[in-house]
Each structure stands twice: as structure tokens, then as C-alpha cells.
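Commentary on secondary and tertiary structure
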Amino acid sequence: MVIKTKSGSESSILSVGVYRPSRLVPNSEIVDAIDSSDEWIVQRTGIESRRIAGADESVVDMAIGAAEQALLRAKLTIKDIDSVIVATITYPHQAPSAATAIIQRMGNPTAAAFDISAACAGFCYGVAMAHDFVRAGSAKKVLVIGVEKISDFTDPTDRATAFIFADGAGAVVIGETSDAGIGPVEWGSDSENRDAILMNPSWIDMRDTETQLTKADVKWPNITQEGQKVFRWAVFSMSKAALKALDSAGLSVHQIDAFIPHQANVRIIETMAKEMKLPDSVIIADDIRTNGNTSAASIPLAMDALLAKHPELHGKLALLIGYGAGLVYAGQVVKLPPKP
Amino acid sequence: MALSAADVLAGIKEIVEEVAGIPAASIELDKNFTDDLEVDSLSMVEVVVACEERFGVKIPDEKVTDLATVGDAVNFIVNAAA
């Protein structure tokens, strides 16, 4: 007996949608808790402000906001979606997934749905998987959502992270197209450096601490980061990974129109661009300046902002690269979605 | 290959000028990267990586904080290359 298999088609990003929390927090509001200044933060990160979600803006709320906008722009409804991938590290339930909460609330409770944990690289991992699902015939239209409410897992007094991270959600619909709209993924890990970005303690350590010590000693799992180590890896290894993704797609830096890296730090983005020798014709996303580092949400948020500012980029080629805790990374060339 | 301290200093001057925009003439052995030259922690990473490539040595992350002055960096690189 032979097992029958399926095959699909090429795929493209059909649309992008976002949810930006309503509260914009300038540096001046956070500097006292970390004994810093607006000038210091801007010089080291380029961040002038960030968006922080309120109590009525949960991970699922924000994800649905972004997904609804992406569906509207693609002239689709949630019923047209057969698979939902959610990239997040801040959904505060171990199980069931954020993805199942999203499909239930949006009204397509039977779609395939799951979360992935690849931190700031999560969106590009999701895009790679969605593309492969469509090519393999496992799905026809996939919703990929990057969403984070990192403010729930950030210590506002931590001088290494408090000014960097922010909240938000971005989503894309990936569907069948006759031409290739998504290039091969270049992905991998540097797990020797998995302690460079951590969320500690574990739930188990936290529970055991709670039973042994007083409540005041219990530490919530907040994010920590070794800035110099991450900067070095991000700039010098990720620029090489991004160039490999370009090469895998059979393109050079002169043949792309935009560069949309994970919005980790303006200094990282600028130094990467210099290392990669990107020509001036390539427009570089810098959404981080006003919206902070939103981890898995940063690339679709930056994509949306770039298209709003440069509508001529609709349908043009962009190089994406996500990288973060793990350390893990993924990058690919994509054709930006058409004008809705 | 053994490197001379003078060659390393000359190379570091060029690198710091390129990365941080500090005139090479003001870069001397006793200058502190942070306090005197105002090279911040991220620019210091760029300086370190450029030194690694130029002099063919490895400068681990945990050593970077020990390199307070230009002279510390020259000594480390000369010894690492010896």
C-alpha cells in the first residue's frame, strides 16, 4: 500500500495588520526608576518612546486586533483561515495556547492552531512554517501572529531592560499564489549563548521559593539580558545570516527594496546595515524609535509602519531577520503585501 | 605572529577613530575608553570585534570589561598574539 500525499503551491504575504496599545510612554516616564536619562536611552538604543498595554489589552486582545486588521486588508474573514500560528513568549498560560483562545473568540474554533516559542525570532519562524504548510498542501491560508505583552515580564527597575521592551501585536495572512512571494528560510541557533537573554526564575523555582520563604523573597520571572553579548551576536552573526537568506533567494543587496530586521535596538540595526553594506536605495525599518522592542511582534509592526510611510513599497522585496532569546534566529526574503 | 605594541596602538587608533569618531591624535595609552574617550559599551563591542579581525586574536566577552584603558587593550592583544 502507498500513502497518498498532498502538495500545494508557492505562497505570499497577502496582508499585514497591527495592534498598537493606546498608551505611549516617553523615556521621561521611566527614567527615574532606573536612574537614567532620555539622552542616555536615545544614544544607546534610539528609543524615544514605547507602547505599553493596559489591563484591558491582553495578549489575546492585541492578537485579535492585529488579525482582524490583516483579514480586513486581505478581504478575507477568519472562516477563510485553516491554520493559525502565534509567536509569543508572554502569554501567561502554559496551556492551552493563545492560538486556541484567538480562534475561539474570532469565530473559527476548528482551525489548526498553536503557539511557538522562538522569542524575537518567532515571527520569522512562523512565516517559514506557514510558507512550508502552503507548499506542502497542509494549509491554504495561514494567519501568523507575533504578539507580546512584555511589560508583564519586565522589571521596571532593571537598568539593562526596562527601557527596551514594549507591547503590541502584528499579523500577516499567508496564502497560495502562483509566484514565489517568500524565499527560503535561513535559520538556526546559538544555544551556547542561551543564557544571554533569560526569563528567570522558572515556575517551579518560583513555587518552591514561595513555600520556603516569605512572599517578599518571591521573584517573578522577568526578562534579563547581557547587552554587550547580545549586541555582538546580533550585529556580527545576524548580518551574515541575513546575507545568507538573501543569497538563498538568489538575490543581492542591490535587488531588495527594504530591510526589516527585528527592532531590537537602533544601534544594532544601523551597525548591521553597515556590516551588510546595504546600498542607500534599501529603506530600513526603524519603528523601534517610537514603539520600542516588541519581540515577536516587532517585524510585522515595523512592516506596517514602513508601508504606511512608503506606500511605494507595496509588492516590493524586503529582507526580514528575527533574532532573540535562545539564541535563535530566522530570516527570509518576502514580497511585501499588495496595497489593500 | 608576534605584534609590536606600537603597531597595535596605531591599529587601535584607526579603529577607535572609525567606530567612535574620536580623532586618532587624542588616543593615547593612558586614556580610559569610557571616561576619557567616551566610547560607550556598544561602541566598545565594535572596537573589540574590529581588533579581533585586524590582529587575528580572540577577545572574549568577559575580558572586554577588563580593558579599561587603551594600554590595557594593547597589552591584551600583544599577549594574545604572542
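Below you will find a few notes about this structure. What you see is a predicted model, and the numbers here were worked out from it, not measured in a lab. (Residues numbered from 1 in each chain as written. Chains lettered and ligands numbered in written order. Predicted model: local features only at pLDDT ≥ 70, side-chain atom pairs only at ≥ 80, totals over all residues.)

Looking at the overall build of chain B
Worth spelling out the cut-off: Elements are defined by DSSP. Helices are runs of H or I of four residues or more, strands are runs of E of two residues or more, and each kind is numbered from the N terminus. This radius of gyration counts C-alpha atoms alone. The globule rule is 2.2 Å times how many residues there are, raised to the power 0.38. Neighbour counting defines burial: a residue surrounded by 20 or more other C-beta atoms within 10 Å of its own C-beta is buried, one with 12 or fewer is exposed, and intermediate counts give partly exposed, using backbone-placed C-beta atoms. Contacts here follow a simple rule: the backbone-placed C-beta atoms of the two residues must lie within 7 Å.
Regarding its fold elements, chain B presents 4 helices and 0 strands. Counting from the amino terminus, helix and strand elements in chain B follow one another as α-α-α-α. Against the 2.2 N^0.38 benchmark of 12 Å for 82 residues, chain B shows a C-alpha radius of gyration of 11 Å, consistent with a compact globule. Projected onto its principal axes, the C-alpha positions of chain B cover 30 × 25 × 20 Å. Counting across all 82 residues of chain B, residues that qualify as buried make up 28%. The long-range fraction of contacts in chain B, counting pairs at least 24 apart against all pairs at least 6 apart in sequence, stands at 58%.

Considerations on helix α4 (residues 98–106) of chain A
Burial in α4(A) covers these residues: Ala98(A), Ala99(A), Ala101(A), Ile102(A), Ile103(A) and Met106(A). Following α4(A) by one or two positions, Gly107(A) has its phi on the positive side, about 95°.

Focus on the packing of helix α7 (residues 227–248) of chain A against helix α8 (residues 266–276) of chain A
Residue and element names in this part refer to chain A. Inclusion rule: Under this scheme, a helix contributes an axis fitted over its contacting stretch, all axes are lines through C-alpha atoms, and angles between N-to-C directions fall in the 0 to 180 degree range. Here is the rule for angles: anything less than 35 degrees is roughly parallel, anything more than 145 is roughly antiparallel, 65 through 115 is roughly perpendicular, and the remaining ranges are oblique. A clockwise turn of the near helix away from the far one marks a right-handed crossing, whereas an anticlockwise turn of less than a right angle marks a left-handed crossing. Amino acids are sorted into nonpolar (Ala, Val, Leu, Ile, Met, Phe, Trp, Tyr, Cys and Pro), charged (Asp, Glu, Lys and Arg) and polar (every other residue, Gly among them).
Where α7 contacts α8, the two axes come as close as 9 Å, and the packing angle between them is 45°. In terms of orientation, α7 lies oblique with respect to α8. Crossing angle aside, the handedness with which α7 passes α8 is right-handed. Residue-level inspection shows Phe231, Ala234, Val235, Phe236, Met238, Ser239, Ala242 and Leu243 of α7 in contact with α8, the latter providing Ile268, Thr271, Met272, Glu275 and Met276. Classifying every residue of the contact of α7 with α8 gives 10 nonpolar, 2 polar and 1 charged.

Re the interface of chain A and chain B
Facing 9 residues of chain A, the contacting portion of chain B comprises 8 residues. Going through the elements one at a time, α7 and α8 of chain A are the ones with two or more residues in the side of chain A that touches chain B. A total of 6 residues in the side of chain A that touches chain B trace back to one element, the largest contributor, which is α7(A). Here the residues of the side of chain A that touches chain B are counted per class, giving 2 nonpolar, 3 polar and 4 charged.

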